[in-house]
Structures are given as structure tokens and as C-alpha cells.
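The primary structure of each chain is shown beneath.
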Amino acid sequence: MFLRKGISLFRPFLNLRAFSTQAKYLFSYSLSSSCRSISLEEFIQKKKQKSKKIEFVEDHVTTEKKFVLGNGVIDAPSIKISSWNINGLRSVIRSKSLEEYIKSHSPDILCLNEIKITSDQVHLEENLSWIPQDYVYYFNCCRFKKSIYGTAIISKYRPIDVKYGFGLEYYDKEGRVITAEYENFFLVACYAPNQQSKDPIRLAYRNTQWDPHLRLYLNNLKKKKSVIVCGDLNVPIDDRDIHSHEVLWKHYGHFQQERINMMRLMETGFVDPFRQLYPHTRKYTCWGHNVDRQSSNKGARFDYFIISNDLMPAVKDSVITDEVHGSDHCPVELIIDPNMKKHE
């Protein structure tokens, strides 16, 4: 019995490849966090030294043709906010997956990750035709490389203000964050950096810069009004959010510190509404491109809604629509009373 338990306890380390990945992660992170954080200048310089193909795109998309604002009022007893990593806007337009999702699920606000489109392409008619007539839209395209990263918000309701980025220059150039302010809450569409690249420089920069800065940014917003953040956070927050511990150690060994960082965010007054409503449910939002979701269900939950604690009583449901295809991720949805705090 003792031997069985001992083997089970140390099973992740019996895989030398998994141990090597984890050891490399711990070493690289200890160098960056114990001694000093990597500065923006060092990070960009190291990236330039590593690859001479980096191309800066200077124009910043604001979609001036329809960059309209309003009073932020949402006159409805409940709304559906959706978030989807579409892995390329033009791809889901061609397959009609995005158009079909909007018609069948009718989101009031839709947040997109990985739009992979440049600012000049956004304004082409074929790339806007899927947007419902009465919706406003805001695209934050990557200015660091072409056709990569990027986020968007498409909304039936006109926000008071829209902000691109969150004050971290390098990642702001990648188009990873958009914040829309409504009457009773801020909505933050976020696409977190992916750590599967095994790049210790980028990994250390996320852990010492991105995660702490995002936590500070969200808490500063929370001082003004309630906050909803959604998107591909590129980390399974707890053990229920990935189908296999061995996969977590072997392929996602970098995620240990990111999970700690997410817990630190939660401790500052945020909550995962899906997990609050469905504490024992295992549903995933990301699979490989060639994985049969229904038969294998071998995935991970990377896509989340995270809300400030005060909004939890307003939540009516939190849904993972794993039946929706078109990307290696599926949409996630939050159904919420947008005016609950006003009625208090």
C-alpha cells in the first residue's frame, strides 16, 4: 500500500521529459523572480536578438468608421456576453462558423481572441459583413507582427468609453486587451500570452510583468465599478480544468506559476462564476485541431469569465458551448443581470 502511494505521489517525476520541462521552468523562473524582473527593454532586445524577422506595424486600429460611444446603459433584464478564441477571423468567416454562432446563440456582447488580422484588412467589407447591423465594433490588432494575436469586442450596446491595452507596452502592441466601460461594469476582453513555446524569457516576462500588471489593472478598475474579464487566459486554473495531470506536467509544466498568479487574482476579490455554479463539472474549452471532442473529451479549460465578487448575485448562468465548432476553442458565455447593482 505504502509503495503504491509513493509511486503515485512521484508519478509526474518518473517521466524524465516532464521532469526536465518542470526543472527548466523552475530554474528560469527562479532566476527572473528571485534576482530581478525582466524589464521591457531587455525583453524586446532579447526577442530581437533571437529573431531578425520581427516586423513592427505602426498603425493602430481603432476602426474609426464605426468607433462610436454612448451612455453605456443596458436596458435589459439580462444579457448574454460571449467570449471565443476564434483562431483567425478570416477562417471563421469563410467557414461561416462565426455567423452561425451569432444567429443561433444571439450574444448581446461578443468578445473575440486571436483575430489574426491587420488594421487595413479589418475595414474590408468581407471582414465586416458578419456583424449584425445594429452592433458597434472595436478591433485591437497586433502591431508587433502581422496576422497574429489581436482582440475585438462587438456590442449591441454602446459603451461609455473604450480603451486599448492596459499599460504594458510590449503586450499592448500585440493587441491583447480591450476594455469597454458600461454604466454598471467594465468589460475586459483579454488574450493572455501562451507559455507552451518553452521560451524562458517570455515565460519570465509573463510571470513577473503580465500577471502582476493585469492584477493591478483589474483591481484599479474595481475601485470604480464592477469588473468582468473574459478570454483565453492560457492556463487551467485548477485540477478540474484539465483532463489529465500527466498532460499538465508533460506539456504544460510552465503553468504552475501562472496558476498561482490566478489564485492571487481571485484572492483580491474576483471569482470564477462557472466553477461557483458547477463545482464538480468537468468541461473544457480547448482541444487539439484534430481531436474528436465528443468521443475523447481530452481538453483543457483555458477560456474563462472572471468577475468581481459583487457581481456573483447577478449571474444567471455560465455556459461552455462545447458543441460549437469552427476553432480549436469553443465559446464561453455569461448570462447576467446588467442592472442588479443599480437596483440595490
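Refer to the structure printed above.
Let me begin by describing the structure that accompanies this report. Computed from a prediction, not measured in an experiment: that's the story for all the values here. (Residues numbered from 1 in each chain as written. Predicted model: local features only at pLDDT ≥ 70, side-chain atom pairs only at ≥ 80, totals over all residues. Heavy atoms only, no water.)

**As for the sheet that holds strand 9 (residues 270-271)**
- Taking strand neighbours across the sheet as the criterion, the six strands line up as 5-6-7-8-10-9 in an open arrangement whose pairing is mixed. Both edges of this open sheet fall to strand 5 (161-164) and strand 9, since each of them pairs with a single strand only.
- Two strands pair when backbone bridges link them, and strand 5 and strand 6 (residues 177-181) are joined in this way by four bridges, in the antiparallel orientation. Opposite Lys 163, over in strand 6, you have Thr 179 as the bridge partner. (Pairing = 2+ DSSP bridges. Helix = DSSP H or I, 4+ residues; strand = E, 2+ residues; numbered from the N terminus.)

**Side note on the environment of Ala 76**
- One can find Ala 76 in the loop between helix 4 (40-50) and strand 1 (79-85).
- According to the relative accessible area criterion, Ala 76 is buried, its value standing at 14%.
- As a C-alpha pair, Ala 76 and Pro 338 span 262 residues in sequence and 7.4 Å in three-dimensional space.
- Excluding anything up to four places from it in sequence, Ala 76 contacts Tyr 157, Pro 338 and Asn 339. (Buried < 20%, exposed > 50% of the residue type's maximum accessible area, 1.4 Å probe, protein only. Contact = heavy atoms within 4.5 Å.)

**Considerations on the pattern of salt bridges**
- Under the counting rule described, the total for this entry stands at 14 salt bridges.
- Measuring nitrogen to oxygen at the nearest pair gives 3.0 Å for the salt bridge that ties Glu 181 to Lys 225. With Glu 181 in strand 6 and Lys 225 in the loop between helix 9 (200-222) and strand 8 (226-232), this pair connects stretches of sequence that are 44 residues apart.
- Where Asp 211 meets Arg 206, a salt bridge forms, and the shortest distance between an N and an O atom there is 3.3 Å. Of the two residues, Asp 211 and Arg 206, neither departs from the other in class, the shared state being buried.
- Among the charged side chains, a network of salt bridges with common partners joins Asp 241, Asp 272, Arg 275 and Arg 301. (Salt bridge = Lys/Arg side-chain N within 4 Å of Asp/Glu carboxyl O.)

**With respect to the packing of aromatic side chains**
- With the rule as written, the count across this model stands at eleven aromatic pairs.
- Considering the side-chain rings of Phe 166 and Trp 210, the 4.9 Å spacing of their centres and the 70 degrees angle between planes classify their relative orientation as edge-to-face. Pair noted here: Phe 166 is in the loop between strand 5 and helix 8 (169-173) and Trp 210 is in helix 9, with a separation of 44 residues, a long-range link.
- A residue is classified by how much of its surface remains accessible, and Trp 210, at 1% relative accessible area, is buried.
- Aromatic side chains Tyr 171 and Tyr 205 sit 5.6 Å apart centroid to centroid with 35 degrees between the ring planes, which places their arrangement in the tilted category. (Phe/Tyr/Trp six-rings, centres within 6.5 Å; stacked < 30°, edge-to-face > 60°.)

**Remarks on the sheet that holds strand 11 (residues 315-320)**
- Overall, mixed pairing links the six strands, which are arranged 3-4-2-1-12-11 in an open sheet. The sheet terminates laterally at strand 3 (136-140) and strand 11, the two strands that pair on one side only. In this sheet, neighbouring strand axes are inclined to one another by 10 degrees on average, regardless of whether the strands run parallel or antiparallel.
- In the sheet, strand 3 pairs with strand 4 (residues 151-155) via five bridges, with the strands oriented antiparallel. (Axes fitted to C-alpha atoms, helices over the stretch in contact; angles between N-to-C directions.)

**Some details on the nonpolar core**
- If you look at the biggest cluster of nonpolar residues, it comprises 36 residues, and the most contacted ones within it are Ile 79, Leu 187, Ile 228 and Ile 336.
- With sequence-adjacent residues up to four places away left out, Ile 79 is seen in contact with Ile 74, Asp 108, Ile 109, Tyr 157, Phe 185, Leu 334, Ile 335, Ile 336 and Pro 338. (Core = buried A, V, L, I, M, F, W, Y, C linked by side-chain atoms within 4.5 Å.)

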